[in-house]
Amino acid sequence: MSQQLVVTAIGTDRTGIVSKLARLVTDCNCNIIDSRMAIFGGEFTFIMLLSGDPAAISRIEYLLPSLGLELDLTTMTKRTSAHQRKPVAAHYVLEYTGPDRVGTLGAITGLLASRQVYIGSLQSESRPGADSNQTVMHTLMTLELPEGEQPEQIKADITALMQTMNLTGSFHAQT
């Protein structure tokens, strides 16, 4: 019976970290189902969803802390079960850009949560704007609208909120 394990690793960025983590997964006879890596400041961040038989998962849990010490990483594991998909009426993409202000992401995600919209993925990045005194945020989300929700009403609500926050963007069906 296959089990699943979420593994996270955070530490100073340098070449070879992903290779050593992936080698451990292979050596323990686990499979990487999903993974994400990003660099935040000077920090390497990596998250993986692994699958394997109970002995393989236990072996990863046992060996990962020592590899983390060797690589100067903070690591964490959590056993989980397979993701249970909910009935979805439609898949959409929300993308917006605008001034980087405190609370922007919270306001947008709060609106989505109030409409029971599931966020499947989220990527957000701040970067210098054309005016050197301004920072611009760019955010991209994939969304799953529940059955019974009207995409046009959600689009109107998101558009109105974006206008009040001086954001430009789009909300469209995923192709």
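Peer 1: An account of the packing of helix α1 (residues 17-27) against helix α2 (residues 54-71) is requested, with residue identities and associated values reported.
Peer 2: Orientation of α1 relative to α2, taken along the N-to-C sense of each, is 155 degrees, at an axis distance of 11 Å. In terms of axis orientation, α1 runs roughly antiparallel to α2. The hand of the α1/α2 crossing is right-handed. Together, K20, L21, L24, V25 and D27 of α1 and R59, I60, L63, L64, L67, E70 and L71 of α2 make up the contact between the two elements. Looking at the contact of α1 with α2 residue by residue, the classes come out as 8 nonpolar, no polar and 4 charged.

Peer 1: Can you explain the packing of aromatic side chains? Please cite residues and give values.
Peer 2: Using the criterion set out here, one finds 2 aromatic pairs in the structure. When the centroid spacing of 5.9 Å and the interplanar angle of 35 degrees are considered together, the rings of F44 and F46 count as tilted. Each member of the pair, F44 as well as F46, carries the same accessibility label: buried. Geometrically, the ring pair formed by Y92 and F171 is stacked, given 4.7 Å between the ring centres and 10 degrees between the ring planes.

Peer 1: Please set out the sheet that holds strand β3 (residues 43-52) residue by residue, giving values where relevant.
Peer 2: One open sheet accounts for 4 strands, arranged β2-β3-β1-β4; its pairing is antiparallel. Two strands close off the open sheet at either side, each with one partner strand: β2 (31-40) and β4 (73-80). Adjacent strand axes in the sheet meet at a mean angle of 10 degrees when their direction is disregarded. Here strand β1 (residues 3-12) runs beside β4; their pairing, made up of 8 bridges, is antiparallel. Its bridge partner being in β4, L5 is matched across the sheet by R79. Where α2 meets the sheet, its contacts fall on β1, β3 and β4, and the angle it forms with β4 comes to roughly 165 degrees.

Peer 1: Account for the pairing of β3, with residues named and values stated.
Peer 2: Across the 10 residues that make up β3, a large majority, 7, are buried. Inspection of the sheet shows β1 paired to β3 by 10 bridges, in the antiparallel sense. Within β3, the residue paired with V6 across the bridge is L49. Relative to β3, β2 runs antiparallel, the two sharing 9 bridges. Note on β3: the bridge partner recorded for S35 is M48. Counting the residues that bridge the hairpin from β2 to β3 gives 2 residues, and of these G41 lies at a positive phi of roughly 65 degrees.

Cut-off values and rules
Residues numbered from 1 in each chain as written. Predicted model: local features only at pLDDT ≥ 70, side-chain atom pairs only at ≥ 80, totals over all residues. Heavy atoms only, no water. Axes fitted to C-alpha atoms, helices over the stretch in contact; angles between N-to-C directions. Helix = DSSP H or I, 4+ residues; strand = E, 2+ residues; numbered from the N terminus. Parallel < 35°, antiparallel > 145°, perpendicular 65-115°, else oblique. Left-handed = near helix turned anticlockwise from the far one by under 90°. Contact = heavy atoms within 4.5 Å. Nonpolar A, V, L, I, M, F, W, Y, C, P; charged D, E, K, R; others polar. Phe/Tyr/Trp six-rings, centres within 6.5 Å; stacked < 30°, edge-to-face > 60°. Buried < 20%, exposed > 50% of the residue type's maximum accessible area, 1.4 Å probe, protein only. Pairing = 2+ DSSP bridges.

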